[in-house]
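# Fold and contact review
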Amino acid sequence: MNTKKLRYLGVFAFFEAVPEPRVERTRLHPLPNILIIALLAMICVGEGWEDMEEFGLAKEAWLGTFLDLRNGIPSADTFRRVLSAVDPKAFNACFIAWVQALSVGTSGKLVAIDGKTVRHSFDRATGRKALHVVSAWIAENRLTLGQVATEAKSNEITAIPQLLALLDIRGATITVDAMGCQKAIAEKVIDQGADYIMGLKGNQGTAHKEVEEFFTDAHAKDSKDVEHTFHETVDGSEHGRLEVRRAWASQELDWFADLPKWKGLRSIIMIERERTVGAGETSIERRYYWSSHVVDAEIFAAMIRGHWGIENQLHWCLDVGFREDESRIRTDHGPENLALLRKIAMNLAKSERTHKKGIQAKRKLAAWKDAYLLKLLQAGLPSNQGE
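So, here's what we can say about the structure. (Residues numbered from 1 in each chain as written. Predicted model: local features only at pLDDT ≥ 70, side-chain atom pairs only at ≥ 80, totals over all residues. Heavy atoms only, no water.)

## With respect to the overall build of the protein
The helix and strand tally for the protein stands at 14 helices and 9 strands. Across the 387 residues of the protein, 51% fall into the buried class. Carbon together with sulfur atoms contributes 48% to the accessible area of the protein, which is approximately 17900 Å² in total. (Helix = DSSP H or I, 4+ residues; strand = E, 2+ residues; numbered from the N terminus. Buried < 20%, exposed > 50% of the residue type's maximum accessible area, 1.4 Å probe, protein only. Areas by Shrake-Rupley, 256 points an atom, 1.4 Å probe, with all protein chains shown as cover.)

This is the structure we're talking about:
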């Protein structure tokens, strides 16, 4: 890979399409330079504006091999002002275009949608609430597809359709938790050529209770009068924990009066998790779902379990690998744009497969070795670009 062309390869090429937020007379440093240095600093264990300036100064000679640094390295204040002013919707659109250019199609794949609060992004002085970011995540590739930011978890109901509208989800299975179980979201998924699996809780009027009663009645009769499929897995550990997961799925929905109101609805599912710890303390938890799919209980169980990867492999990595919850950046669009830079850095780290260790180890290695940093950037090359 020719470092002189680095700016025009991979994700950097898409930075060229980010709209310039400054008037011409205030542009001492080109916008792509600011975005590139900010991203590289984020990859190399940086976190905030000061880190971006310090990274640039430490790597100035290397950066100068592919960036025009005739005006030097931007100051921390420049990074703050510019990244707080960049339009996050336009930046997100460039991010989505980059992920799609990686040939990361969604057809036949599970796309989990869930929200995460950046806990220290609130600002008491201005009354600003903590940023809540709803993300779409491909379970198979472990990559983020895009994000939409809100100021409250309850706003996920409106954020999810906005996020879906940005994405090509044809052929995908969209999974959402109970908060996203909404008629408008189900219709949006079907209209965009995808299928859905939605968690059920008490927020859907009597629907949760009706599905629960359906499975309770079926179990009381040993499910003899109900067409269904069943799947069971048993997991044990050397520490004395035993977990049995059972799944039941049925397409019998003639009894459900609101069926015509839920576009595409064809199946209901119950997942039961029985956990025994130590000398025999056993707990049983049951969760209910419904879906536009017609598949068996084993496939449903795998898909539902796959949904929670967004918690364990995206949200957890953002907190542990990138210390997102500790970020104190609160001004204007800064929190949202930095949240997106973290996801770009994470996508690059997830896409690089030669180094088998975790995200934090990859970030440290990139900070120590320019050659490995280049390898991470190569992982972000669209499929039609060579080295």
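On we go.
## Focus on the environment of Thr-331
Relative to the helices and strands, Thr-331 is located in the loop between helix 11 (309-320) and helix 12 (334-351). Judged by relative accessible area, Thr-331 falls into the partly exposed class, the value being 38%.

## Some remarks on helix 10 (residues 297-307)
Every buried residue of helix 10 is accounted for by Ala-297, Phe-300, Ala-301, Met-303, Ile-304 and His-307. Viewed end-on, helix 10 has its buried residues packed into an arc of 165°, placing them on one side of the element. Capping the start of helix 10 is the job of one residue whose side-chain oxygen sits 3.2 Å from the backbone nitrogen of Glu-298: Asp-296. (Arc of directions from axis to C-beta. Polar contact = N/O pair within 3.5 Å; in protein donor to acceptor, adjacent residues only side chain to side chain.)

## A closer look at helix 7 (residues 156-166)
The complete set of buried residues in helix 7 reads Glu-156, Ala-159, Ile-160, Leu-163 and Leu-164. The arc that holds every buried residue of helix 7, seen down its axis, measures 135°, which confines them to one face.

## A look at the packing of aromatic side chains
Each aromatic ring pair is summarised here by two numbers: the centre-to-centre distance and the angle between the ring planes. Counted under the stated rule, the structure contains 11 aromatic pairs. Both rings, one in Phe-214 and one in Trp-255, keep their centres 5.3 Å apart while their planes meet at 15°; by these two values the pair is stacked. Residue Phe-214 is located in helix 9 (residues 207-220), and its partner Trp-255 is located in the loop between strand 7 (242-250) and strand 8 (267-277); the two are separated by 41 residues in the primary sequence. Exposure remark for Phe-214: the relative accessible area of 12% places this residue in the buried category. Of the aromatic side chains, those joined through ring pairs into one cluster are Phe-214, Phe-215, Trp-255, Phe-256, Trp-262, Tyr-288 and Trp-290. (Phe/Tyr/Trp six-rings, centres within 6.5 Å; stacked < 30°, edge-to-face > 60°.)

## Observations regarding the pattern of salt bridges
According to the stated counting rule, one finds 18 salt bridges in the structure shown. Across the pair Glu-272 and Arg-246 runs a salt bridge whose closest N-O atoms are separated by 2.7 Å. Taken together, the positions of Glu-272 in strand 8 and Arg-246 in strand 7 put the pair 26 residues apart, joining distant regions of the chain. You'll find Glu-272 and Arg-246 in the same group, each marked buried. Where Asp-258 meets Lys-261, a salt bridge forms, and the shortest distance between an N and an O atom there is 3.5 Å. A relative accessible area of 28% means that Asp-258 is categorised as partly exposed. Sharing partners across several salt bridges, the network here consists of Glu-232, Arg-246, Glu-272, Glu-274 and Arg-286. (Salt bridge = Lys/Arg side-chain N within 4 Å of Asp/Glu carboxyl O.)

## Considering the packing of helix 2 (residues 31-43) against helix 3 (residues 49-58)
Between two packed helices, the angle of one axis relative to the other and the distance separating the axes together describe the packing. Taken N-terminus to C-terminus, the directions of helix 2 and helix 3 make an angle of 95°; their axes are 9 Å apart at the nearest point. One element, helix 2, and the other, helix 3, form an angle in the roughly perpendicular class. Residues Ile-37, Ala-38, Leu-40, Ala-41 and Met-42 of helix 2 pack against Asp-51, Met-52, Phe-55 and Gly-56 of helix 3. Of the residues that constitute the contact of helix 2 with helix 3, the class distribution is 7 nonpolar, 1 polar and 1 charged. (Axes fitted to C-alpha atoms, helices over the stretch in contact; angles between N-to-C directions. Parallel < 35°, antiparallel > 145°, perpendicular 65-115°, else oblique. Contact = heavy atoms within 4.5 Å. Nonpolar A, V, L, I, M, F, W, Y, C, P; charged D, E, K, R; others polar.)

## Description of the side chain of Thr-175
Its place among the elements puts Thr-175 in strand 4 (residues 173-176). A polar atom in the side chain of Thr-175 sits 2.6 Å from the side chain of His-307. Excluding anything up to four places from it in sequence, Thr-175 contacts Leu-110, Val-111, Ala-112, Ile-113, Ile-197 and His-307.

## A word on the nonpolar core
Grouped together as the largest cluster of nonpolar side chains are 112 residues, with contacts concentrated most on Leu-39, Leu-40, Ile-43, Leu-63, Ile-174, Trp-290 and Ile-344. In terms of residues, this core owes the most to one element, helix 2, which gives 11 residues. (Core = buried A, V, L, I, M, F, W, Y, C linked by side-chain atoms within 4.5 Å.)

## Focus: the pairing of strand 2 (residues 131-138)
Counting buried positions along strand 2 yields 8 of 8 residues, so the element is predominantly enclosed. Taking every second residue as pointing to the same face, both faces of strand 2 are buried, with Leu-131, Val-133, Ser-135 and Trp-137 on one and His-132, Val-134, Ala-136 and Ile-138 on the other. Count of turn residues in the strand 2/strand 3 (residues 143-150) antiparallel hairpin: 4 residues, of which Arg-142 carries a positive phi of about 55°. (Pairing = 2+ DSSP bridges.)

## Quick notes on unusual backbone geometry
Leaving glycine out, the prevailing phi sign among residues is negative, and the prevailing peptide bond configuration is trans. For Val-45, which is not glycine, the phi dihedral falls at a positive 70°. Along the chain, Val-45 falls in the loop between helix 2 and helix 3.

## Here we look at the pairing of strand 5 (residues 195-200)
Most of strand 5 is tucked away: 5 of the 6 residues are buried. Summarising the sheet, strand 5 and strand 9 (residues 281-291) pair through 4 bridges and their orientation is antiparallel. Residue pairing across strands places Gly-199 opposite Tyr-289, the latter belonging to strand 9.

## A short note on empty space enclosed by the protein
Enumeration over the complete set of coordinates arrives at 4 cavities of 30 Å³ or more. The volume enclosed by the largest cavity comes to roughly 50 Å³. Taken together, Thr-175, Val-176, Asp-177, Ile-197, Tyr-289, Met-303, Ile-304, His-307 and Trp-308 make up the full set of residues lining the largest cavity. Among the elements of the structure, strand 4 and helix 10 are those that each provide at least two residues to the lining of the largest cavity. (1 Å grid on protein atoms, 1.4 Å probe; cavity = no way out; pocket = protein on both sides within 12 Å on 5 of 7 lines; lining within 4 Å. Points joined across faces, edges and corners; volume = space filled by probe spheres on them.)

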